Amino acid sequence: MTVHTVRAGDTVFRIAQSYRVSPQALAEANGLQNPDQIIVGQALVIPGADKTRGEITVNGYCYPTIREEALDEALRHLTFLSVFASRVSATGELTPMQGDARVIARAKAAGVRPHMVIANIEEGKGFQPAIAQALLESPAAQVRLLESCVRVMHEKGYTGLDVDFEYVPAAVRESLNCFLAKARAWMHDEGFLLTSAVPAKMADDQPGLLYEGFDFWAQGKYNDFVTLMTYDFHHQGGPPGAVAPIDGVRRAVEFAMSRMPKAKILMGIPNYGYDWRIPFQQGTNATVVQNPGAVAIAARHGVSIQFDETARAPWFRYTEAGGQRREVWFEDARSIQAKLELVRALGIAGVSYWTVNNPFAANWTLMEGMFRVRKG
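Bear in mind that the values here come from a model prediction, so they are computed numbers and not experimental data. (Residues numbered from 1 in each chain as written. Predicted model: local features only at pLDDT ≥ 70, side-chain atom pairs only at ≥ 80, totals over all residues. Heavy atoms only, no water.)

A. A look at helix α11 (residues 333-346). Along its 14 residues, α11 runs 20 Å from first to last C-alpha, staying within 8% of the 20 Å computed at 1.5 Å per residue. Among the 14 residues of α11, eleven are classified as buried, and the element is accordingly described as predominantly covered. Just past α11, the residue G347 takes up positive phi, approximately 70°. (Helix = DSSP H or I, 4+ residues; strand = E, 2+ residues; numbered from the N terminus. Expected span 1.5 Å × (residues − 1). Buried < 20%, exposed > 50% of the residue type's maximum accessible area, 1.4 Å probe, protein only.)

What follows is the structure in C-alpha cells.
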C-alpha cells in the first residue's frame, strides 16, 4: 500500500492524478469531508490492494452507543465485535450491559461474532483491583459469575466472552489462571469462544499493579485469542508523547510471542489520540481526540503535521487563542501502516481496536489493501 504525505502546493486532484486514481476515490478512501482542506504533513492512503494479501483476525471494541455510520463502517472489516462492558462484582454478580441488542443483531447480520466483555469496573470509578481480588479469591463467586455469563450470552445472542480484568493484584495471579481454565471449559462446552485483554508487558516480573497479576503462559494456554493493550504508552494523565510508538509495540508483541502462540495474539491499535497542555504539569489530563479530529485541529490553527520517525507517529503543536500552548499525538495512515506491517512481519493472528466508535476511513482502506479479514 502507498501512503502519500501532503507537501506544499498539493491538492487532492494533483495527488490523485499522480497516482492514477480518481479524486473521489482518494477522498472516500481517507474520509475527507472537504477535499479542499488538506494540510502539509497530512498522510493520505492511496486506494488499491496488495497483490498478495494474507488473512488476519480483527477485533473491535465498541460501546453500544456507537453511531450507525461508524458501526456500518467497522462491521465490514471485523471478525469480532466486543461490546464494552458488563460489570462484575466482588461476589460474582453480573450487571449485563444495557442497550446492546442493536449492535449484536447488526454484527450477526454482517457475519461478525459479537463478544460480551466483562470487566471489574465500579460504576463511576473505573477498574477496581479490590473487585478482581475478591472475585478471584472465591471459587463460589467465580461459579456464580460464569453461570450468569452463560445465561446472559444465550439470551442476548453473544458468541464469545472477553475477559477484561485490569489492575489485578499479584496475590491473585494464580487464581486468575484458575478462573481462565474454568471459563475456557464453560465457554467451549456452550460453543462460545474465550478471549482476554491483557497489558503490554515486557517481562514476566514487570513491576506495577497494571502488570503483576498476568501470567502470559496461562493467558496463551486458556484463551482462544488475547488482545495486547499496546497503547497508552503515553497516557492521558502523563506527559505528551506517542500513544503507541512502534518500537514499544514491537517489544511488547515479541515478548508475548515468547510466552504464547502467535496464532492467538491480537495487537492492540488505538483509534484515538491525546491533546496535552504544555509545558505538562502533573495532575492535569490530556483531552482525547479522534484521529481525523486531530487533523482538523491542525488545519484550524494553521500548523503543519510533523512525524516522529522513531515512534512512527504524527504530532504537532499549536497555540490557543488565550496563549496556551498544546501538543497533539495521534494515529494516521503512516502510523497505522507501520503497525500493520509489523503484524505481517511477525505473523501474529491480527489486531484489536480500541475503539471502533469513531470513524477512521484511512485505517480500513489500509487494512483491506494489505489483508483479508476472517469472518465468522
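There's more to say after this.
B. Inspection of the nonpolar core at higher detail. Judged by nonpolar contacts, the single largest core of 83 residues is most densely connected at L81, I118, F165, L340 and V351. If near-sequence neighbours (up to four positions away) are discounted, F165 is found in contact with V88, I118, A119, N120, L135, L136, L145, L176, F179, A197 and F214. Y61, W276, A286 and W329 belong to the second largest nonpolar core, which has 19 residues in total. (Core = buried A, V, L, I, M, F, W, Y, C linked by side-chain atoms within 4.5 Å. Contact = heavy atoms within 4.5 Å.)

C. The arrangement of the state of the cysteines in detail. Counted under the stated rule, the structure contains zero disulfides. The structure places no disulfide on C149, whose sulfur is separated from the nearest cysteine sulfur, that of C62, by 17 Å. (Disulfide = S-S within 2.5 Å.)

D. Expanded view of the environment of F192. Of note, F192 is situated in the loop between α7 (173-189) and β10 (193-199). Of the residues examined, F192 reaches a relative accessible area of 7% and is grouped as buried. If near-sequence neighbours (up to four positions away) are discounted, F192 is found in contact with V150, M153, H154, Y158, T159, G160 and M187.

E. The environment of T52, seen in detail. Note on placement: T52 falls in the loop between β2 (43-46) and β3 (54-62). For T52, a relative accessible area of 66% gives the class exposed. In this structure, the C-alpha to C-alpha distance between T52 and A349, residues 297 residues apart in sequence, is 17 Å.

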